[in-house]
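# What the coordinates show
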There are 4 protein chains.
Amino acid sequence: MTTAVLSNAKMKTFEEMESAVRSYSRGWPTIFEKAKGYKLWDIDEKEYIDFFAGAGALNYGHNNDMMQEKMIDYIRNDGLIHSLDMGTTPRKEFLERFKEVILTPRKLDYKVMFPGPTGTNTVESALKIARKVTGRDTVISFTNAFHGMTIGSLSVTANSFKRHGAGIPLHHTVSMPFDDYVEDQDEIAYIEKFLEDNGSGVALPAAIILETVQGEGGMNAARLEWLKKIDNMCKRWDILLIVDDVQAGCGRTGTFFSFEPAGINPDIVCLSKSIGGIGLPMAITLIKPEYDKWGPGEHNGTFRGNNLAFIAAREALTNWETDDFSKAIGQKAGILNDAIEAIIKKYPELNGKARGRGLMQGLAIDTYGLAGEICAEAFERGLIVETSGPNDEVIKFLPPLIIDEKGLNKGLKILDESIKHVLAQ
Amino acid sequence: MTTAVLSNAKMKTFEEMESAVRSYSRGWPTIFEKAKGYKLWDIDEKEYIDFFAGAGALNYGHNNDMMQEKMIDYIRNDGLIHSLDMGTTPRKEFLERFKEVILTPRKLDYKVMFPGPTGTNTVESALKIARKVTGRDTVISFTNAFHGMTIGSLSVTANSFKRHGAGIPLHHTVSMPFDDYVEDQDEIAYIEKFLEDNGSGVALPAAIILETVQGEGGMNAARLEWLKKIDNMCKRWDILLIVDDVQAGCGRTGTFFSFEPAGINPDIVCLSKSIGGIGLPMAITLIKPEYDKWGPGEHNGTFRGNNLAFIAAREALTNWETDDFSKAIGQKAGILNDAIEAIIKKYPELNGKARGRGLMQGLAIDTYGLAGEICAEAFERGLIVETSGPNDEVIKFLPPLIIDEKGLNKGLKILDESIKHVLAQ
Amino acid sequence: MTTAVLSNAKMKTFEEMESAVRSYSRGWPTIFEKAKGYKLWDIDEKEYIDFFAGAGALNYGHNNDMMQEKMIDYIRNDGLIHSLDMGTTPRKEFLERFKEVILTPRKLDYKVMFPGPTGTNTVESALKIARKVTGRDTVISFTNAFHGMTIGSLSVTANSFKRHGAGIPLHHTVSMPFDDYVEDQDEIAYIEKFLEDNGSGVALPAAIILETVQGEGGMNAARLEWLKKIDNMCKRWDILLIVDDVQAGCGRTGTFFSFEPAGINPDIVCLSKSIGGIGLPMAITLIKPEYDKWGPGEHNGTFRGNNLAFIAAREALTNWETDDFSKAIGQKAGILNDAIEAIIKKYPELNGKARGRGLMQGLAIDTYGLAGEICAEAFERGLIVETSGPNDEVIKFLPPLIIDEKGLNKGLKILDESIKHVLAQ
Amino acid sequence: MTTAVLSNAKMKTFEEMESAVRSYSRGWPTIFEKAKGYKLWDIDEKEYIDFFAGAGALNYGHNNDMMQEKMIDYIRNDGLIHSLDMGTTPRKEFLERFKEVILTPRKLDYKVMFPGPTGTNTVESALKIARKVTGRDTVISFTNAFHGMTIGSLSVTANSFKRHGAGIPLHHTVSMPFDDYVEDQDEIAYIEKFLEDNGSGVALPAAIILETVQGEGGMNAARLEWLKKIDNMCKRWDILLIVDDVQAGCGRTGTFFSFEPAGINPDIVCLSKSIGGIGLPMAITLIKPEYDKWGPGEHNGTFRGNNLAFIAAREALTNWETDDFSKAIGQKAGILNDAIEAIIKKYPELNGKARGRGLMQGLAIDTYGLAGEICAEAFERGLIVETSGPNDEVIKFLPPLIIDEKGLNKGLKILDESIKHVLAQ
């Protein structure tokens, strides 16, 4: 209670001046001052464990020392901050490093497009080029997909509240069932039938766009064999496969690209969020050379040359020089998964279900509103964690990948106490 | 010739790794290393005068000392870099400063929305809220408008090459003639007739969206009385007026908002580019309180909390504490205009026409391709300037607002020499 | 008053059983029993002069003796009534006769498509084939156009009440100003500018569709030179010209096709209404052979083989064997025009304006609702005449072409008396 | 061979003058002269058994004597042929008779709309009113649905060839799997999940439109319990249920409305084809009074008052005064079904499957092209029967309902011989 009153005083400027659209400052009503690694502190010096990682944009944690140093150096030397797609050294070095550390070792051959510095920008560019090269207009997306909030990306986003916000009907897309969408049904059989039947009412699409793990949609992880089947389907029908790895990529599931363990090779890959290393706006679209049929400037965007982001992005790639980073993620993913399963057992009244893959996991809770109450309680106790899913029914665990076991366990302890507290009420 | 060969060697990484969509690195084939104020230097230490200002994102010039200092301090103190719409001190201080220095003195009452850090994001959010609050789907935009490259913004963008890149038909919008679009015709009479006639085939729109000066469209400045008439029309028909001030705002035409001298009060204003002060991605949407009917999170975006941008943005507002900045822009605009008129007289073979307003001016040239050749020659001679217009027929002058007379004259001299050289060939 | 009460009793079945969508039985609340030539009689044996001609479907008048005989013979001989697009003798003979009497003498070369028996069907088929052969999606239509009520045709129909009835936004069309739409403006200059400017926001269309005289839109007759200019524009830009001659064709304006005096040769022509001779449902789409790129059955419709209509249609073509019919229409059009001008002079309070061409004329009246009152009074006095225009502000004269001078004058006398009566109130 | 050559001579006019879109005159290359009951004769006096019934428009057979007499009487008496929605005696008498014989005995309460005389017109009107009264834009339709060829109806039609003919993307509709669409899957579970999940990507629809038996789609009969489940779903989610009974209605499946045995009560019913009794163009839309929210003339059509059709339609209703007609259909449906099953057994190489319900049955044949060859052979032998299904893989049996056992058996014998002949080649 006391906290809430103080909060309101602190939050006055946001409440009075910001649009009603603001959301996080409602659920976490404080002013954050500092952050390092997996911790944040607010202006009252209260410490928080971060199980949110800037909605997946801070896989490498807050304020990495090396990234900070390189950014400061660059600023001190009057390096170009903003450069559209003009040539600059940070852009050049990011490209070269990305090829060396990421593409070449994985035997991937992609052209790199800088479509503007946000997730929705890379998705919009992916949809455009897929439609252009195929000459088809329909794109298949999936139930509970989230790809962004601009009209092109929103058209392949499934959430009804978000879609309704468009104010217009959203066209040129078809929503198909994601893996394990309907109990005891074979979603692949459905999709295949719609593609192969001339009388299905669904035109041959330009592309299929998917997240391998649906973050906003409720931490739904597609099985690797399901991904493989979708990939085969795309090849059989000459459909482009777009993997939106904005949230699941950059190591979130354990490998740099989330699709690596499925052994597939998408035609287009969307990256944003953690690609910028330290949380600065950046996005890239990877396009197989044979589909890179853009005219110069056919898609553009003022902020597609964010050099501070390129510097941090290049630094972040250092993590991928060896397997160590990847292995550590896997180990921590195991700890997280064990903890979720333990909670499910310990609190049968949650009727909980474990979701997700890697350090992108969730705890789905049946009772309406309960997940939100637990997150609110966790915030009071010093843990930043949010919900996702169509009814905000999933507690979404997205700690920075660099979190150590101590931090992970501390966060999980707060979670456990929060659940206990909420259930006791 | 020699330069071109050298360029190619320098540009190898971009040519090999980047998508064919890249554009500026084709026209200006070098690697830029440093920038300060209105000057840039490439890795060969060649100096360039900047008549481009990051496509309007660098109104305050490159690497302002005070902004640099404050950003470095913040980084050194481990301030949150990335915070979505969580409360942070830079966000709070920007909001308060913006109210104090910009809104209150102009007697403007707007809610501030952070829609994601790019121009297209603010436009998409403006279109959404206008459609939501009116319950109508059509938006009227103008010939030669440019509002962005994601599907919603692209639907109100007029350029056929850009529109074609969508790969899908663009809906829910109607293109009307901008001021002075068709010789000897009254565009206002035309638009009014379409609005008032039940048989016009154009539905009552949710909104009219416009740029007061069309940058990408060819530096077309609407007359102030035309803006006033459009504003009256909106009021009479209960249509929301959206001013996209992404490029023309933040002082570009002499006042903070480009619409101030027209004495109008738009329902929604889109700002981006120079709002971020130093060229970091940032955008805001200003919405009259009565139209701020968003649900929490109904529009969002990962990078809507770019704290380094907030810090530079707050610092940039200092320029607006007195009238001095505005007056200086006016004075330099006069010099620029005189120079353009002088060139038109001096080179009658250009059949040139002066365009624009404030430090957002253009020189339209009839002969196909000539404007581009002049800009290419200017680049060789150390001036960064680009073309705009549906056929790239306009040389577009967009110097940083902080340029001094010496810089302005130096740039104009290079321009003159470039024209002379090109015409001589 | 007495009549109204009786009417209600008569109209009980329609009022109770029919949908609220019914319209003519509201304005003319009686039950019609018989009709011949230009006269109708209701069940109370009241006689009416027909200035309506079944909304233009009865150019040859009611119940032509020869058509009746041939239809009865066919029925008596068990001829196929309904045959889709199977071969039948009436279909064959109509085709041959149409070529001989209509196409060949006018040096026109068209393939004949039977798209289903209604006006909206021929328009839908025209739009489809234009889009298919050009590979473009946009169609330009005009302010106050009426082309039909199914979604494709409604998309090129301008009336806001009708469009709103769609319940969905209508796409892939652009509304341009018809001839003389905005006072003192040059509509052709507008349209040309939109076509030639790469930055107009209007894509190169598949087709331009127009009525030479807009019946539902208010009897607006395009000038012949305007039609010529549109035709030239289509040729210059490789756009298909579709003339919707559903109402203005079949002699309504004096020539078989309404566009003949303009000396143009449309790529596609839509005919329906009076093509069926006696008022039976029938429609054809005429397509230049080079654009007839349909696959078999790519457009179809159950009732595209209405043999009774083919029989009456063939018989109707007899009127076009010589020039006499055409000349007689011209003569009567002159009488009608003189009468309208006389009324305008006689009743200056109407502030009337003469509209239209041939036997498709109108009297536009400023005062809201007045045109409707005059038509209601005319009905009471034995004249069937309706309004048109976006605000029902035009009295629409559409007598059967076979009307004689006596009938025309009798109808005009009732009109004059009705105006006098209404103005006296 | 000889026949084909002769045919070509006969078909010259159609081949030269008609559009390439013509279809039936290709498959049945002759000129039909006479028809009575279930028989047709061509100009060479060859007799054909009719298993086609004018694509379902001739349920009551060709040229019913009573209908002929009443039509001739009406013509002789100069009755109004064409009357839009003005009051006429045939319209009144049809309405009263329809209520008395069809609606009242079935305890159905519908307003009757005359939307224009074709199937696509009634579907377009149904979609419009459903969208208007719900304020929603999406309509759910089914795989292999056929609802018409104008853009609104085509948007809910599934066939890819037909859809592609639109030349534009078709919007505001979602295709869901029909009963038994995917082997071993539960289509109802799938649809329900899409409706109940806020994250499904499918908006709450205005309506679900379906055929109880899909004629063009391959004679797929939905199970009655499936229809019941869809109906329940509509009620639960406040979605309007539209039954398109254009082909399956008017007794085709044994009851007047095809949905009667399912015990459901649709909100809107579309009727056309056989409603006109003798094959004249006619259509009606039945709307529950609470949804009849049309404005006068909000949907219209010139030929919505086809009085000859009303006369035949009224006469046709006589068949429904007792149960006899319905029982006879059931009996003949049994004979037809037995015959199909016998053929499947007799010719295992067909790998045949029986489809359909009532006198709307089909024989699905695996081998590509075989069904078409059998129908071509049957034509040579004097049987008119066509194919349907997405790949024309189903022989479609649609005899007039008034066929007698002798006729049915004669037709089935020709079919058997045709199959034998084709398989022998």
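Residue numbers run consecutively from 1 along every chain, following the written order of its sequence. As they are written, the chains are lettered A onward and the ligands numbered 1 onward, keeping that order. Given that this is a predicted model, residues contribute local features only at a pLDDT of at least 70 and side-chain atom pairs are listed and counted only at 80 or more, while totals for whole chains, interfaces and linings are drawn from all residues. To get the side-chain values, take all heavy atoms of the structure and skip hydrogens and water.

### Some thoughts on the sheet that holds strand 5 (residues 111-113) of chain A
Residues and elements named next belong to chain A. Definition in use: Two strands pair if DSSP finds at least two bridges between them. Each helix is a run of H or I in the DSSP string that is no shorter than four residues. Each strand is a run of E no shorter than two, and both are numbered from the N terminus. Interaxial angles span 0 to 180 degrees and are taken between N-to-C directions of axes, which are lines fitted to C-alpha atoms, for helices over the stretch in contact.
Taken together, the 7 strands give an open sheet; going across it, the order is 5-13-12-11-8-6-7, and neighbouring strands pair in mixed fashion. Since the sheet does not close on itself, it has two edges, and those belong to strand 5 and strand 7 (173-176), each with one partner. On average, each strand axis in the sheet is inclined to that of its neighbour by 20 degrees, with strand direction left out of account. Two elements, strand 12 (residues 268-271) and strand 13 (residues 284-287), share 4 bridges in a ladder whose sense is antiparallel.

### Quick word on the relation of the copies chain B and chain C
Test applied: Superposition of the copies used a least-squares fit over C-alpha atoms from residues whose pLDDT is at least 70 in both. Note on definitions: a residue-residue contact is assigned when non-hydrogen atoms from the two residues lie within 4.5 Å.
Relative to chain C, chain B is turned by 180 degrees and slid 0.0 Å along the rotation axis, the superposed coordinates differing by an RMSD of 0.0 Å. What we have between these two chains is a two-fold relation. The share of interface residues of chain B whose copies in chain C are also at the interface is 97%, consistent with both copies meeting through the same surface.

### Focus: the nonpolar core
Rules: Take the buried Ala, Val, Leu, Ile, Met, Phe, Trp, Tyr and Cys residues and link them wherever side-chain atoms come within 4.5 Å; each set so joined is a nonpolar core. Any residue under 20% of the maximum accessible area for its type is buried, any over 50% is exposed, and the rest in between are partly exposed; the area is computed with a 1.4 Å probe on protein chains only.
The biggest cluster of nonpolar side chains holds 453 residues, and the ones touching the most others in it are A:F98, B:F98, C:F98 and D:F98. When near neighbours in sequence (up to four residues on either side) are disregarded, C:F98 contacts C:L103, C:V112, C:F256, C:F257, C:L271, C:I275, C:I284, C:L286 and C:L317. Grouped together as the second largest cluster of nonpolar side chains are 19 residues, A:V21, B:A207, B:L240 and B:I287 included.

### Observations regarding helix 15 (residues 405-424) of chain D
Residue and element names in this part refer to chain D. Under the convention used in this document: A helix is expected to span 1.5 Å for every residue after the first.
An ideal rise of 1.5 Å per residue puts 28 Å on 20 residues; helix 15 measures up with 28 Å between its terminal C-alpha atoms. Every buried residue of helix 15 is listed here: G407, L408, G411, L412, I414, L415, D416, S418, I419 and V422. Of the surrounding elements, those touching the buried residues of helix 15 are strand 3 (47-50), helix 13 (324-346), strand 15 (360-364), helix 14 (370-380), strand 16 (383-384) and strand 18 (394-397).

### Details of the packing of helix 5 (residues 65-76) of chain B against helix 12 (residues 307-317) of chain B
All names here are of chain B. Definition in use: A crossing counts as left-handed when the near helix is turned anticlockwise from the far one by less than a right angle, and as right-handed when that turn is clockwise. Throughout this entry, Asp, Glu, Lys and Arg are counted as charged residues, while Ala, Val, Leu, Ile, Met, Phe, Trp, Tyr, Cys and Pro are counted as nonpolar. The remaining residues, Gly among them, count as polar.
With their axes 9 Å apart at the nearest point, helix 5 and helix 12 run at an angle of 145 degrees to one another. Of the two possible hands of crossing, helix 5 and helix 12 adopt the one that is right-handed. Mapping the contact onto sequence places M66, M67, K70, M71, Y74 and I75 in helix 5 and N307, L308, I311, A312, R314, E315 and A316 in helix 12. Considering only residue class, the contact of helix 5 with helix 12 consists of 9 nonpolar, 1 polar and 3 charged.

### Things to note about the pattern of salt bridges
Where we set the bar: By convention in these notes, a salt bridge is any Lys or Arg side-chain nitrogen within 4 Å of a carboxyl oxygen on Asp or Glu.
Considering all chains together, one arrives at 110 salt bridges over all chains under this definition. A:K132 serves as the salt-bridge partner of A:E298, at 2.6 Å between the closest nitrogen and oxygen. A residue pair is termed long-range when its members are at least 10 positions apart, and A:E298 in the loop between strand 13 and helix 12 (307-316) and A:K132 in helix 7 (residues 119-134) qualify at 166 residues. Using a relative accessible area of 2% as the deciding quantity, one classes A:E298 as buried. On the basis of relative accessible area, A:K132 is assigned to the partly exposed category, the value being 33%. A salt bridge links A:D231 to A:K235; the nearest nitrogen and oxygen atoms lie 3.0 Å apart. Separated by 4 residues within a single helix, A:D231 and A:K235 lie in helix 11 (residues 224-237), roughly one turn from each other. When its relative accessible area of 53% is taken as the criterion, A:K235 is described as exposed. Connected via shared salt-bridge partners are B:E377, B:R381, B:K413 and B:E417.

### Focus on the interface of chain B and chain C
Quick note on the threshold: Summed over both partners, buried area is the accessible surface (1.4 Å probe) that two parts give up on being assembled.
Of the residues lining the interface, 30 residues belong to chain B; the matching set on chain C comes to 29 residues. Where chain B abuts chain C, roughly 2500 Å² becomes buried across the two surfaces, and 53% of that area is made up of carbon and sulfur atoms. Contact with chain C buries surface across chain B, with B:Y181, B:Y190 and B:N198 losing the most and accounting together for 24% of the total. Here chain B and chain C share 0 salt bridges between them. Elements supplying a minimum of two residues to the side of chain B that touches chain C: helix 9 (160-164), strand 7 (173-176) and helix 10 (187-196) of chain B. Tallying contributions element by element places helix 10 of chain B first for the side of chain B that touches chain C, with 5 residues.

### Let's talk about the side chain of A:S388
Residues and elements named next belong to chain A. Convention followed: Counted as a polar contact is a pair of N or O atoms within 3.5 Å, where, for protein atoms, one must be capable of donating a hydrogen and the other of accepting one, and residues adjacent in sequence contribute only when both atoms are in side chains.
Structurally, S388 is set in strand 17 (residues 386-388). Classification of S388 by relative accessible area gives buried; the value is 2%. At a separation of 2.9 Å, a polar atom in the side chain of S388 contacts the main-chain carbonyl oxygen of G215. The residues touching S388, leaving out its near neighbours within four places in the chain, are G215, E216, G218, M219, E393, V394 and K396.

### As for the interface of chain A and chain B
Counting residues at the interface gives 104 residues for chain A and 104 residues for chain B. Between chain A and chain B the total buried area reaches about 9100 Å² when both faces are included, carbon and sulfur atoms providing 63% of it. Contact with chain B buries area across many residues of chain A, yet A:M17, A:V21 and A:F303 alone supply 8% of it, more than any other trio. Seen at the junction of chain A and chain B, the total is 6 salt bridges. For the pair chain A and chain B, the number of links is 52 residue pairs in polar contact (both at pLDDT 80 or more).

### A look at the confidence of the model for chain A
Residues and elements named next belong to chain A. For the record, the criterion: Think of pLDDT as the predictor's per-residue confidence, scored from 0 to 100.
For chain A, per-residue confidence averages 96 on the pLDDT scale, and 98% of positions sit at 70 or higher. Taken as a whole, residues 1-5 scores under 50 in pLDDT and shows 1 contact with residues more than four places along the chain or in a different chain. Both scores are available for the predicted complex, with the pTM at 0.97 and the ipTM at 0.97.

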